[in-house]
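Chain by chain, the residues:
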Amino acid sequence: MLGPPGAGKGTQAVEISQSLGIPKVSSGELFRDHQKRDTELGRLAQTYMARGALVPDDVTIKMVMDWVSGIQGTGGFLLDGFPRTLPQAEALEKALAATGGIDTALYLKVPKKELVRRLSGRVLCRVCQAPFHTEYAPPKQSGRCDNCGGELYTRDDDKPEAVRKRIQVYLDETSPLVEYYRKAGTLKEIDGQNSIEQVRAELLSALKC
């Protein structure tokens, strides 16, 4: 499942996984799992993350393939937000060649203006870190956490200008990736501006379910 920050990939991935009864995973979940279990791959990934560097594609691919090998016989799987770059897609396709590769790439397409609106409305509690959204999930009392009464604030990377930069970086990285799957005939574009229910229905329809 592909799509920029704020497109709703995480929400829809959970829904599709439950609807189809197949496992799903994101690269972030894999990193956290390996670090929690203190695996060799987890320690290797942490050496890059600790200095703010990107984890090399071969390390990420190895984590993905270890996960895939552990869920054989489940009738399929869903990768949430991965691959993210063309080299990752090519490496993943090579690793999955024996099983036929990726059969469908779902792309949630949302205009940049809408993404900024969604992401820049996010606020967090300074005390318990509970998330809220000024438009979609507002607190009962403006500026105060429903759970503990703590002050709500906007993270620096959720401010409009920072959000625009994050989105542009993602779009620059993934444009070749979207074309890669389009040329392969596996890309399915979904309008991510619709309601959660409608987007889910279109995603499942794209999977011919």
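That block above? That's the structure.
Residues numbered from 1 in each chain as written. Predicted model: local features only at pLDDT ≥ 70, side-chain atom pairs only at ≥ 80, totals over all residues. Heavy atoms only, no water.

Visitor: Would you mind going over the nonpolar core with me for this structure?
Guide: Considering soluble globular proteins, one finds that nonpolar side chains tend to be buried as a cluster. Core analysis: the biggest nonpolar cluster contains 27 residues, and Leu2, Met63, Val64, Trp67, Leu79, Leu92 and Tyr181 have the highest contact counts within it. For this core, the elements supplying multiple residues, two or more each, are α2 (27–36), α3 (40–49), α4 (57–69), α5 (86–95), β3 (105–109) and α7 (160–184). With six residues, α4 is the single largest residue contributor to this core. Counting residues in each nonpolar core, the second largest holds 19 residues, with Ala13, Ile167, Val199 and Leu203 among its members. (Core = buried A, V, L, I, M, F, W, Y, C linked by side-chain atoms within 4.5 Å. Buried < 20%, exposed > 50% of the residue type's maximum accessible area, 1.4 Å probe, protein only. Helix = DSSP H or I, 4+ residues; strand = E, 2+ residues; numbered from the N terminus.)

Visitor: For this particular structure, what's the right way to read the packing of aromatic side chains?
Guide: Note on aromatic pairs: each is described by the distance of the centres and the angle between the planes. Scanning all chains against the criterion turns up two aromatic pairs. With a centroid separation of 5.9 Å and an interplanar angle of 90°, the aromatic rings of Trp67 and Phe77 are classed as edge-to-face. One end of the pair, Trp67, is in helix α4; the other, Phe77, is in the loop between α4 and β2 (78–80), with 10 residues separating them in the sequence. Looking at Trp67, the relative accessible area reads 18%, which means it is buried. By relative accessible area, which is 28% here, Phe77 ends up partly exposed. (Phe/Tyr/Trp six-rings, centres within 6.5 Å; stacked < 30°, edge-to-face > 60°.)

Visitor: Can you walk me through the packing of α5 against α7 in this structure?
Guide: The geometry of a pair of packed helices is captured by two quantities: the angle between their axes and the separation between those axes. Between α5 and α7, the least distance of the axes is 8 Å, while the angle of their chain directions is 35°. Listed contacts from α7 to Leu86, Ala89, Glu90 and Glu93 of α5 are Pro176, Leu177, Tyr180 and Tyr181. When grouped by side-chain class, the residues that make up the contact of α5 with α7 number six nonpolar, no polar and two charged. (Axes fitted to C-alpha atoms, helices over the stretch in contact; angles between N-to-C directions. Contact = heavy atoms within 4.5 Å. Nonpolar A, V, L, I, M, F, W, Y, C, P; charged D, E, K, R; others polar.)

Visitor: Looking at this model, I keep getting lost on the sheet that holds strand β5 (residues 131–133). Mind explaining?
Guide: Taken together, the three strands give an open sheet; going across it, the order is β5-β4-β6, and neighbouring strands pair in antiparallel fashion. Since the sheet does not close on itself, it has two edges, and those belong to β5 and β6 (152–153), each with one partner. In the sheet, strand β4 (residues 122–125) pairs with β6 via two bridges, with the strands oriented antiparallel. Looking at the pairing, Leu124 lines up with Tyr153 of β6. (Pairing = 2+ DSSP bridges.)

Visitor: I keep staring at the pairing of β3 and nothing clicks. Help me out?
Guide: Side-chain direction in a regular strand flips from residue to residue, so the side chains alternate between the two faces of the sheet. Most of β3 sits inside the fold, with four of its five residues counted as buried. Pairing geometry for β3 and strand β7 (residues 187–191), over five bridges, is parallel. Opposite Leu108, over in β7, you have Ile190 as the bridge partner.

Visitor: Please clarify how the packing of α4 against α5 should be interpreted in this entry.
Guide: Closest axis-to-axis distance for the α4/α5 pair is 10 Å, and the angle between their directions is 40°. One way to sum up the angle between α4 and α5 is to call them oblique. Once α4 is placed against α5, the crossing between them reads as right-handed. Along its contact with α4, which presents Asp57, Ile61, Val64 and Met65, the element α5 presents Pro87, Gln88, Ala91, Leu92 and Ala95. Classifying every residue of the contact of α4 with α5 gives seven nonpolar, one polar and one charged. (Parallel < 35°, antiparallel > 145°, perpendicular 65-115°, else oblique. Left-handed = near helix turned anticlockwise from the far one by under 90°.)

Interpretation note: all reported values are geometric properties and have no functional meaning in isolation.
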